[in-house]
Amino acid sequence: FNTVLYTGNSTNGHGITGLGFQPDLVWFQRRSQSGSYGIGMIDSNRGANKGIYPNIISGEADFTNDFASFDTDGFTLNAGSSANINNNSQTFVAWCWKANGGTTSSNSNGSITATVQANTKAGFSIATYTSPGSGTNKTVGHGLSAVDFIITKNRSQSFNWYCFHKDVPNKTFRLNDGGEFSYSNWSMGATTWGSEDGYTHNSTDNYVAYCWQNVEGMQRFGSFEGNGSTDG
């Protein structure tokens with residue numbers, strides 16, 4: 001994992017370097033100006049020309065005019081037309097994770113066969129899959145030895161983002177709004193995760209899941225209770 005700051009220039013071939021590796025997930029955020037866009041997520045499972053917006057419910061979008069390639073030490077941007085991740089003179093941050101260099105494999109650990117690339121040492125994986133529909137025993141392999149936090153998105157149509165956290169069993173929260181955790185029947189296992197929620201298993205729709213495991217020195221997921229005081 002690494003973070004890079006950059007300034008947009010609205011031109012094709014704008015190379016961003018200094019990561020120290022070729023990223024498989026890049027999460028952008030514009031820092032210098034607010035707006036509907038200026039934010040996006042691109043991963044090497046889905047390809048450099050496919051993006052999604054973590055702050056809205058829209059499905060997968062064409063990022064061909066915005067993102068050119070994953071590179072050995074970063075990534076290359078195009079002039080942009082929709083995502084606004086390379087606006088001239090605007091400042092940006094990009095959070096970048098390495099999975100398996102874009103090399104995927106078929107994972108049949110769950111009831112749904114997924115396309116997965118995993119970095120087991122760092123505790124991060126990307127899974128893409130097509131759901132057969134809601135109902136019992138819908139599980140997907142995550143490629144790790146355990147999983148503690150998952151972000152999922154329906155790529156085919158407009159649905160909320162749904163996130164699963166190990167410390168809040170049978171509840172989810174939505175990445176795209178500030179709502180509280182709500183009930184959802186799900187499970188996290190050593191090799192798979194599963195949910196009976198139709199929003200995360202809508203029939204014949206395509207999905208992506210970003211999965212993390214607690215790894216010392218990389219990331220840790222926990223919970224706390226606020227006390228409403230300045231000594232919190």
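Residues numbered from 1 in each chain as written. Predicted model: local features only at pLDDT ≥ 70, side-chain atom pairs only at ≥ 80, totals over all residues. Heavy atoms only, no water.

K.L.:
So what's going on with the overall build of the chain? Which residues, and what values?
P.N.:
Along its length, the chain carries zero helices and 20 strands. Taking 17 Å as the expected radius of gyration for a compact globule of 232 residues, we find that the chain reaches 18 Å, a close match to that expectation. Seen through its principal axes, the chain has C-alpha atoms that stretch 50 × 50 × 35 Å. Taken as a whole, the chain presents about 10,300 Å² of accessible surface, with 44% of it coming from carbon and sulfur. (Helix = DSSP H or I, 4+ residues; strand = E, 2+ residues; numbered from the N terminus. Rg over C-alpha atoms; globule rule 2.2 N^0.38 Å. Areas by Shrake-Rupley, 256 points an atom, 1.4 Å probe, with all protein chains shown as cover.)

K.L.:
Requested: an account of the pattern of salt bridges, with residues and values cited.
P.N.:
Scanning all chains against the criterion turns up five salt bridges. Note that Glu60 is salt-bridged to Arg46, the shortest N-O span being 2.9 Å. One end of the pair, Glu60, is in the loop between β5 (50-52) and β6 (61-62); the other, Arg46, is in the loop between β4 (39-43) and β5, and 14 residues separate them in sequence. Look at Arg46 and you get buried, because its relative accessible area is 9%. In this structure, Arg155 engages Glu60 in a salt bridge whose closest nitrogen and oxygen atoms are separated by 3.0 Å. (Salt bridge = Lys/Arg side-chain N within 4 Å of Asp/Glu carboxyl O. Buried < 20%, exposed > 50% of the residue type's maximum accessible area, 1.4 Å probe, protein only.)

K.L.:
Mind laying out the nonpolar core, listing which residues take part and the relevant values?
P.N.:
Within the largest apolar cluster, 21 residues are counted, with the highest numbers of intra-cluster contacts made by Tyr6, Phe28, Phe67, Phe75, Leu77 and Ala94. Counting only elements with at least two residues in this core, the list comes to β1 (2-7), β3 (25-30), β7 (67-71), β8 (74-77) and β9 (91-97). It is β9 that contributes the most residues to this core, three residues altogether. In contact with Ala94, other than residues within four places in its own chain, are Asn2, Thr3, Val4, Tyr6, Val26, Trp27, Phe28 and Phe75. Met41, Trp97, Phe124 and Trp161 belong to the second-largest nonpolar core, a separate cluster that totals 17 residues. (Core = buried A, V, L, I, M, F, W, Y, C linked by side-chain atoms within 4.5 Å. Contact = heavy atoms within 4.5 Å.)

K.L.:
Mind laying out the sheet that holds β6, listing which residues take part and the relevant values?
P.N.:
Pairing is antiparallel across the open sheet formed by six strands, whose spatial order is β1-β9-β3-β4-β5-β6. Only two strands of the sheet have a single partner each, and these edge strands are β1 and β6. For β3 and β4, the ladder comprises five bridges, and the chain directions are antiparallel. Opposite Trp27, over in β4, you have Met41 as the bridge partner. (Pairing = 2+ DSSP bridges.)

K.L.:
Can you lay out the side chain of Gln117 for me, pointing to particular residues and giving the numbers?
P.N.:
Along the polypeptide, Gln117 turns up in strand β11 (residues 114-119). The contact partners of Gln117, leaving out residues within four places of it in the chain, are Asp24, Ser44, Asn45, Ala99, Asn100, Gly101, Gly102, Thr103, Thr104, Phe124, Ser125 and Ile126.

K.L.:
So, the packing of aromatic side chains: which residues are in play, and what are the values?
P.N.:
How two aromatic rings sit relative to each other is set out by the distance from centre to centre and by the angle between their planes. By the definition in use, this model includes 21 aromatic pairs. On the basis of an interplanar angle of 90° and a centroid distance of 6.5 Å, the ring pair of Tyr6 and Phe28 is categorised as edge-to-face. Here the residue Tyr6 occupies a position in strand β1, and Phe28 occupies one in strand β3, the gap between them amounting to 22 residues. Of the two residues, Tyr6 and Phe28, both sit in the buried class. The rings of Phe1, Trp97, Phe124, Phe149, Phe173, Phe181, Trp212 and Phe221 are connected pair by pair, giving a single aromatic cluster. (Phe/Tyr/Trp six-rings, centres within 6.5 Å; stacked < 30°, edge-to-face > 60°.)

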